[in-house]
Amino acid sequence: MADLLETLRDWSASGLRQHTVIGMVERTPFVPDDIRYRFGLVDRPQYAYGVRKAVELATCLGLAGVTVMEFGVGAGGGLKALARHAAYYARRSGLEVRVVGFDSGAGLPEPADYRDLPYVWKQGQYPMQQAELVKELGSSAELMLGDVRDTVPMFLEEQSTSLARLPLGFVSFDLDYHSSTTAAFEVFRAAPDAALLPRVTSYFDDIITIVDAVGELAAVAEFNAEQKESSGERDSFLGRVNALRSHLPFDPPWADRIFEYHRFRHPDYGTYESTRDDPFWRP
């Protein structure tokens with residue numbers, strides 16, 4: 001009876017129910033990839049959505065491809081899923097999709113202050129088995145190991161040529177802490193226009209069951225407060241994509257955690273997204 005009640009409880013929660021359905025579909029070999037992707041029935045569908053949006057915009061702008069990132073790799077399940085989705089959309093579009101993961105490799109650091117939610121997370125959680133993960137990833141994804149305060153500026157500088165050809169189009173922020181997320185936002189602060197798509201789809205994993213004054217949401221609010229030109233006009237904005245659920249199959253709960261970074265001054269910001277008229281790219 002207890003097992004039945006637990007199953008019913010899980011089925012009553014939309015996020016858990018969707019996770020169960022995805023698992024069932026993934027274990028059904030005769031369901032074609034095109035159908036699974038069309039309906040978001042893949043592992044970490046939010047990552048698939050982010051890659052699709054990046055490739056869609058890159059196609060519209062006539063680019064060779066895009067770069068997609070995950071901040072907070074941990075055991076590597078998310079990065080491996082991101083690499084699979086990148087490979088799928090690269091095949092479908094003919095564009096190149098570069099996958100990069102950032103992580104300390106040593107698990108979570110010590111919380112900096114109350115905004116890092118020390119009642120939820122603690123130092124040492126989510127360590128990485130680096131050698132095993134590197135072997136599993138092969139050439140499908142790259143790892144940038146170290147403190148994001150160091151690795152993000154270094155990556156932007158050393159990979160400027162690559163990013164000009166394959167600009168950043170999707171980022172997953174799964175660093176848990178306010179302090180780490182704030183540091184990772186340097187990928188937006190310091191990147192020149194050429195290194196970014198004019199709109200970068202962003203996913204925030206750890207904004208459920210928290211309030212706006214802590215964690216990733218506090219980092220977002222503080223980041224937006226910084227983003228003004230000397231004239232006082234807003235230069236860019238990182239915000240939630242409103243009412244996204246209503247435009248996606250099966251009303252997925254993860255849609256509430258999809259944001260977009262808008263670089264208003266970007267030379268391609270006003271370019272019409274002609275791909276909106278193509279059924280292939282329809283949500």
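Participant: I'd love a proper account of the overall build of the protein, names of residues and values included.
Facilitator: Looking only at helices and strands, the protein features 11 helices and 7 strands. Its C-alpha atoms give the protein a radius of gyration of 19 Å, near enough to 19 Å, the size a compact globule of 283 residues would have. Its C-alpha atoms give the protein principal-axis dimensions of roughly 65 × 45 × 40 Å. Taking all 283 residues of the protein together, the buried fraction comes to 48%. Long-range contacts, defined here as pairs at least 24 residues apart, represent 73% of the contacts in the protein between residues at least 6 apart. Here the protein has roughly 13800 Å² of accessible surface; of this, 54% comes from carbon and sulfur atoms. Computed over 29 positive and 41 negative side-chain charges, the separation of the two mean positions in the protein equals 5 Å.

Participant: Go over helix α4 (residues 45–60) with me, naming the residues and quoting the values.
Facilitator: For α4, with 16 residues, the first-to-last C-alpha span of 22 Å sits near the 22 Å given by 1.5 Å per residue. Across the 16 residues of α4, 15 count as buried, placing the element largely inside the fold. Immediately beyond the C-terminal end of α4, within one or two residues, lies Gly62, with a positive phi of roughly 70°.

Participant: Hey, could you go over the packing of aromatic side chains for me, with residue numbers and the actual values?
Facilitator: Using the criterion set out here, one finds 21 aromatic pairs in the structure. Between Phe185 and Phe188, the ring centres sit 6.4 Å apart and the planes meet at 20°, which makes this aromatic pair stacked. With relative accessibility at 1%, the residue Phe188 sits in the buried group. Note on Phe188 and Phe223: the rings are 6.2 Å apart at their centroids and 55° apart in plane angle, and the pair reads as tilted. Here the residue Phe188 occupies a position in helix α10 (residues 186–189), and Phe223 occupies one in helix α11 (residues 215–226), the gap between them amounting to 35 residues.

Reading the values: rules and limits
- Residues numbered from 1 in each chain as written.
- Predicted model: local features only at pLDDT ≥ 70, side-chain atom pairs only at ≥ 80, totals over all residues.
- Heavy atoms only, no water.
- Helix = DSSP H or I, 4+ residues; strand = E, 2+ residues; numbered from the N terminus.
- Rg over C-alpha atoms; globule rule 2.2 N^0.38 Å.
- Buried < 20%, exposed > 50% of the residue type's maximum accessible area, 1.4 Å probe, protein only.
- Contact = heavy atoms within 4.5 Å.
- Areas by Shrake-Rupley, 256 points an atom, 1.4 Å probe, with all protein chains shown as cover.
- Lys, Arg positive; Asp, Glu negative; His and termini not counted.
- Charge placed at Lys NZ, Arg CZ, Asp CG, Glu CD.
- Expected span 1.5 Å × (residues − 1).
- Phe/Tyr/Trp six-rings, centres within 6.5 Å; stacked < 30°, edge-to-face > 60°.

Interpretation note: all reported values are geometric properties and have no functional meaning in isolation.
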